[in-house]
Amino acid sequence: MEMHSLIDVESLETGSAIDVVESVLANHPESRVCFTCSFQAEDIIVLDLLRERLPNIPVLFLETGYHFAETYEFRDKLAKEWHLNLVNVVPRKTVAQQEAEFGILYREEPTKCCQLRKVEPLLEALEPFEIWFTGLRREQSPTRKNLKKVEQHRLPIGKTLLKVSPLADWTWGKVWEYTGGKGLSYLPQYDQGYLSIGCQPCTAIPDDPRNPRSGRWSGKKLECGIHTFSERSQ
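Every value quoted in this text rests on a predicted model; they were computed, and no experiment measured them.

Participant: Kindly report on unusual backbone geometry, identifying the contributing residues and their values.
Facilitator: One non-glycine residue, F39, adopts positive backbone phi at about 70°. Considering the arrangement of structural elements, one finds F39 in the loop between β1 (33-36) and α3 (41-51). Accessibility expressed as a relative area gives 0% for F39, which makes it buried. The residue H83 is not glycine, and still its phi comes out positive at about 55°. Relative to the helices and strands, H83 resides in the loop between α4 (69-81) and β3 (85-89).

Next up, the structure:
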């Protein structure tokens, strides 16, 4: 039986974020659930919804070694305050080892850098789970415009996960309305003009505010590969 056959996927497309979270969890009570989190504003909202229902949910943070100092500080502060089950997902090689072997990949081959420091570690980290929550939104990038709130994704090893993005239809304005209304903390880089925050060397204030991810990778690409490595099942 396909995992999403247990829930009405189409009706959830028009449901609220809380509806999506509660429906998925209620219909899969025995499934192992995780949440990938870069501690951006959307992630904090989804985490706020999840921790009320699954206080010990594994929060997977891709520890690339290249994040802003402010991101690490914010991660550690929130993990302590919210008692998060934080899982730092690390690559096989340290930054020093990778740079000694390949040079500064984020300058010369950013796709390979993302593959080694994000995609491959995430593939391994996701293997034990059946349900994968994300903070993705359609509005974030043209590459995400067809994002569904609930999708099946097949990993390269053949395992199928239920990928859940409760905020898929949220606007940037709604993100900040919720953040302010709930008094949620957020990364300080937003106050400096950043709209999409990843590794420091590959993150800039975007030239086009309509495309927040245009400030990533010097505009050479829009995705690191985390959300494109798997085969999306219709």
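Here the narrative resumes.
Participant: So what's going on with the packing of aromatic side chains? Which residues, and what values?
Facilitator: On inspection of all chains with the given rule, the structure shows 11 aromatic pairs. Where F39 meets F74, the ring centres are 6.4 Å apart and the plane angle is 80°; that geometry is what we call edge-to-face. Pair noted here: F39 is in the loop between β1 and α3 and F74 is in helix α4, with a separation of 35 residues, a long-range link. Of the residues examined, F74 reaches a relative accessible area of 9% and is grouped as buried. With a centroid separation of 4.9 Å and 85° between ring planes, the pair formed by W176 and Y186 is classed as edge-to-face. One end of the pair, W176, is in helix α8 (residues 172-182); the other, Y186, is in the loop between α8 and β7 (231-233), with 10 residues separating them in the sequence. The ring of F129 carries R32 above its face, with NZ or CZ at 5.1 Å from the centroid. Across from the ring centre of W82, 3.7 Å away, lies the NZ or CZ of R51, which sits over that ring.

Participant: Account for the nonpolar core, naming residues and giving values.
Facilitator: One finds V24, F35, F39, F133, V150 and V164 to be the most contacted residues of the largest nonpolar core, which totals 43 residues. In terms of residues, this core owes the most to one element, α3, which gives seven residues. Filtering out sequence-adjacent residues up to four positions away, V150 remains in contact with I7, V9, L12, E13, V20, V24, L162, K163 and V164. Among the nonpolar cores identified, the runner-up in size contains 13 residues, and L62, V89, L122 and A125 belong to it.

Participant: Give a detailed account of the pairing of strand β6 (residues 160-164), specifying residues and quantitative values.
Facilitator: Two faces, one strand: in a regular strand the side chains alternate between the faces of the sheet. Taken across its five residues, β6 has four buried, putting it largely inside the fold. As judged from the three bridges shared by strand β4 (residues 131-133) and β6, these two strands associate in the parallel manner. Bridge pairing in β6 links I131 to L162. The sheet contact formed by strand β5 (residues 150-154) and β6 spans five bridges and is antiparallel.

Participant: Quick one: what's the story with the pairing of strand β2 (residues 58-62), residue by residue and with numbers?
Facilitator: Burial runs high along β2: five of the five residues are buried. Of the two faces of β2, both are covered, the one formed by P58, L60 and L62 as well as the one formed by V59 and F61. One ladder, built from two bridges, connects β1 with β2; its direction is parallel. Across the sheet, the residue bridging to F35 is V59, located in β2. As for the winding sense of the linkage, the β-α-β connection from β1 through α3 to β2 is right-handed. Across five bridges, the pairing between β2 and β3 is parallel. When the bridges of β3 are listed, L60 appears paired with V87.

The rules we used
- Residues numbered from 1 in each chain as written.
- Predicted model: local features only at pLDDT ≥ 70, side-chain atom pairs only at ≥ 80, totals over all residues.
- Heavy atoms only, no water.
- Helix = DSSP H or I, 4+ residues; strand = E, 2+ residues; numbered from the N terminus.
- Buried < 20%, exposed > 50% of the residue type's maximum accessible area, 1.4 Å probe, protein only.
- Phe/Tyr/Trp six-rings, centres within 6.5 Å; stacked < 30°, edge-to-face > 60°.
- Lys NZ or Arg CZ within 6 Å of the ring centre and 35° of its normal.
- Core = buried A, V, L, I, M, F, W, Y, C linked by side-chain atoms within 4.5 Å.
- Contact = heavy atoms within 4.5 Å.
- Pairing = 2+ DSSP bridges.
- Right-handed = clockwise from strand over helix to strand, strands pointing away.

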